[in-house]
Structures are given as structure tokens and as C-alpha cells.
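Here is how the chains run, residue by residue.
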Amino acid sequence: MNDIRVRFAPSPTGYLHVGGARTALFNWLFARHHGGSFILRIEDTDVERSTEESARQIIQSLTWLGIDWDEGPLKGGDYGPYFQSERLSLYREYSQKLLDEGKAYLCFCTQEELAREREEARKQGRPPRYSGRCRDLSLEERERCLEEGRRPVIRLMVPRQGTTVVSDLIRGEVSFENKVFDDFIIVKSDGMPTYNFACVVDDSTMKISHVIRAEEHLSNTPKQMMLYRALGFSLPKFAHVPMILAPDRSKLSKRHGATSVEEFREQGYLPEVIVNYLALLGWSPGDNREIMGIDEIITEFSLDRVSKTAAVYDTKKLTWLNAHYIRETAVDDLIKTALPFLEKEGILREPVPDSTYQKLRDAVEAVQDRVKTVAEIPHAVSYFFSDDFEYEEKGVNKHFKKEGVADLLRAARERLAEVEPFDLETTEKAYRALIAERGIKGGQLIHPTRVALTGRTFGPGLFDVMVILGKERTLERLDRAIKMIEKL
């Protein structure tokens, strides 16, 4: 099936939403599975809302996710241009063809006239559809309207009887009665094509074989099929993937958390996690696998395993998956991802000196199984790189205010001062010996020591912390804590 050609055609009016990202992913997976081509096309004919910045963000988000395209912006191809705003002459050519063949007509109705029609239809209990009053204007009437300076739209002559049946690869056959459609606009009065018209012209001239898109576009499909037939184009195969809903099964919105790829990136999610998660939103490999590499997904992907029912977006599951991927990531690769976050928080600057890198590596490795996002890493390792930290209030109240704590930490400091070499085995051995001599529980010494060294009550293994800090800084932090405790 190497003649497979699919496309993702976003409107550059904002960031790449999770729904759009999943649509792009499903198209890309389908193309890669069948050895076909994936085309990126930017639908920027909405002049008022489209921006170059938004187009750039969409391209960056797709690149970050690893969704590469075979034709499109930055790459070119045999069927460009790949921005609709650069294809206006093509839309004029095909709209004129429809006019010449009597399959479309100029409509001179004003907004006020259309509003009166809708109001009259409402009063009579009829659907507010266009009446088709300009459909049968004579040549003289059209010329008079043009002389009056009226700027017409172009409408398609829609069949008034019969049905249009969409053969959908996911949903089966879906029938629409033609009488529910009015003669819809294909070119606006400013000469810009409408979505349905431009989409059909582009998909046909770019030889798109399969149109895989969101369920919300199913209602557009019969109109587009009418256009395909009026233009004499062959129909592609259609597949409409299910909606993505919030956990409460409402429409997904900002109140449910991050909803754009850029937000996920800024919050420290890994691109391979987003791909893994989105692939399983509405598609299943046929079993209960939740963790799948991209090659595995490509091999398994097929449209017959795409669900007809809505998929539920669950940030808790996404975060769990992200934590798993972080644990499985090579430390040096994780550091590369974390460096922009560390620099943003003022902890380190790139390039990291060799003398500091090993310490950074040890610190990241120590917290790797404790963070859920890369954005959490700066906070998790901050005390390794700065002595200027506050003690958590709950740690002070719970561990520093107990009787005898200062004396216990002083004894621990004396033991650690004698330890050589200062490594995991020797530091733990010294602490275990002191615990046994004092006849206390391990936590009675370990917990206040952790607060003294990190300012926190939870973190990596205490002896890992000591070794990463080094002997001198460990002793200095114990001295600082002892002085504070004595003042409480």
C-alpha cells in the first residue's frame, strides 16, 4: 500500500491541541505502517485568526513529538505550495469551473436579507437554511447586481433529493438526506475559499488517499463528497476518529489541565510519553499494553482497532506514564532534557563544566525514581548545588524540636568527620554503629540528619545525599543545623 497518502492540515490559529496532535499522530502512524507518505498542510485562509507564530509553534510541536512529514513546510514536495494562502489561484480555477458548468452560482444576498430569511424560517418552524433565491437569477439580474457593487459569494448547487452515504472506515456507512443541506458557500465575498471547498481541492490535487480526521468533521463529509462529485474528483477513503473527552466526559478544556503540546513540553513531559499516551487514546493494540515504543506502535497500528466511542483524557495516567519513562531514561539523556529547566531556575548554566557534571549526574540519578516530570528535577536537586536553603517547617517541628537532637547530630558529625573514604558503605556503617550504641531507632538519627542536609523530610537515600554533597559540605550543614536547633 505504498500509494497511501495522508495529511494533517491544521489551522494556525493557536497552539497544537492534544486532539490535533492525536489526529496528526494517527495519520503519521498509518502512513508509516503502510510505507506511505505523510503530508503537512497549513490551512491559513482564515486571515483574521491565522498567524505565522501559530504556524511556527505547530511545526515545532510536531517536530518535538517526532512526527516528521514527507511533504510540506520546510521540506517542499511535488504537490505544493503547502500553505493554503499560497494556493488561491487554484481555488479560483476550480470555483470558475463549477460556475462555468452550472454546478455553482453567484449569490448576492446581503447579510440582512439572509437574517430575515432565517427569522422567517424560525417563525414557521423550518430549519434556518438558505432558500436558494439566487440559484435561478437571470444573466441580466446577475449583471445588475454586479453593477450595483454587490460582492457575491459562490454557492454550490446541492442536490435536493436523495441521500449522501459516507462509507467510513471506522464508523461504517453513515447516511445524510440531501434535503437537510442548503446551497452552501464555497467562496466568500472576499474571494477566500471556505474550509470545505479548499479542503476538497487540496486533498484531490495532493492525491490524498485517506482522510483521517476528528469525529467533529463527519458532518462536513457529505458536503465535501458533493464537491468531489461536482468537480469530477475521485473520492478518498474517510475515517473519523473518536472525540477526546475530559475525565467527567465533558468537552476537554483548560480547566482539565494542559491541553496543548507546548504546555506538556513546558511542564516537563517527555515527547515519547505524549506519543505513547495519545496513540492509546481511541486506539488499542488488541490487549492491555499501556507502555509501547514508537516502532512497536507503528507495527501494530491499524484503523480497524480505532474505537467508535469517545476516548477519556486522564492526566493522572499520563503523569504515571511520564514517571515510568523518566525512570527508564539513560541518566545522560535525562540531563540533556533537564538542562533548560535547570538553567531557567538558575541552578546551572550551559555548558556545564566537567568538574560539575559528575555531581549533576549523581544528583539526577539519585532523584530519577522520585520525580514525575522533568520540570520537577530542578527542585529535586537544588539543595545539592546551593547551601542557601530553608528548612521545611514540618521537618523542624517534627525532628529538630525533639529533646537531645542537637547532641545526637553533634555525635553523628564527629563520627562522619573520622570516616575515610567518604562513601556509601563507610557513612552508613558509621551511622549504624552510632544508632546501635545509643540504643535508638534508625529514624531518630536519619530523619533529623536528612532535614539538616537537605531542608526536607523526603528525598533520595540519606547516604547517597552525603556522598554527593561530599564530606566537607555534609559536616558544614550538620554544624548549621546544630546551631539552629540550639536556638529553638
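Parameters at a glance
- Residues numbered from 1 in each chain as written.
- Predicted model: local features only at pLDDT ≥ 70, side-chain atom pairs only at ≥ 80, totals over all residues.
- Heavy atoms only, no water.
- Buried < 20%, exposed > 50% of the residue type's maximum accessible area, 1.4 Å probe, protein only.
- Helix = DSSP H or I, 4+ residues; strand = E, 2+ residues; numbered from the N terminus.
- Pairing = 2+ DSSP bridges.
- Right-handed = clockwise from strand over helix to strand, strands pointing away.
- Salt bridge = Lys/Arg side-chain N within 4 Å of Asp/Glu carboxyl O.

On to the pairing of strand β2 (residues 37-40), then. The alternating pattern of β2 places S37 and I39 on one face and F38 and L40 on the opposite face, and all of these are buried. With four bridges joining them, strand β1 (residues 5-8) and β2 adopt parallel strand pairing. Bridged to V6 within β2 is F38. Each parallel crossover has a hand, and the one from β1 via helix α1 (residues 18-34) to β2 is right-handed.

Where strand β5 (residues 163-168) and strand β6 (residues 172-177) come together, six bridges link them in antiparallel fashion. Counted as the bridge partner of D168 is G172 from β6. The hairpin formed by β5 and β6 contains three residues between the paired strands.

Glancing now at the pattern of salt bridges. For the structure shown, the criterion picks out 35 salt bridges. With a shortest N-O distance of 2.9 Å, K97 and E101 are connected by a salt bridge. On the accessibility criterion, K97 (28% relative accessible area) is partly exposed. Note on E101: relative accessible area 38%, which makes it partly exposed. A salt bridge links E343 to R349; the nearest nitrogen and oxygen atoms lie 3.9 Å apart. The exposure class assigned to E343 is partly exposed, which follows from its relative accessible area of 30%. For R349, a relative accessible area of 64% puts it in the exposed group.

Functional significance is not addressed by these values, which are geometric in nature.
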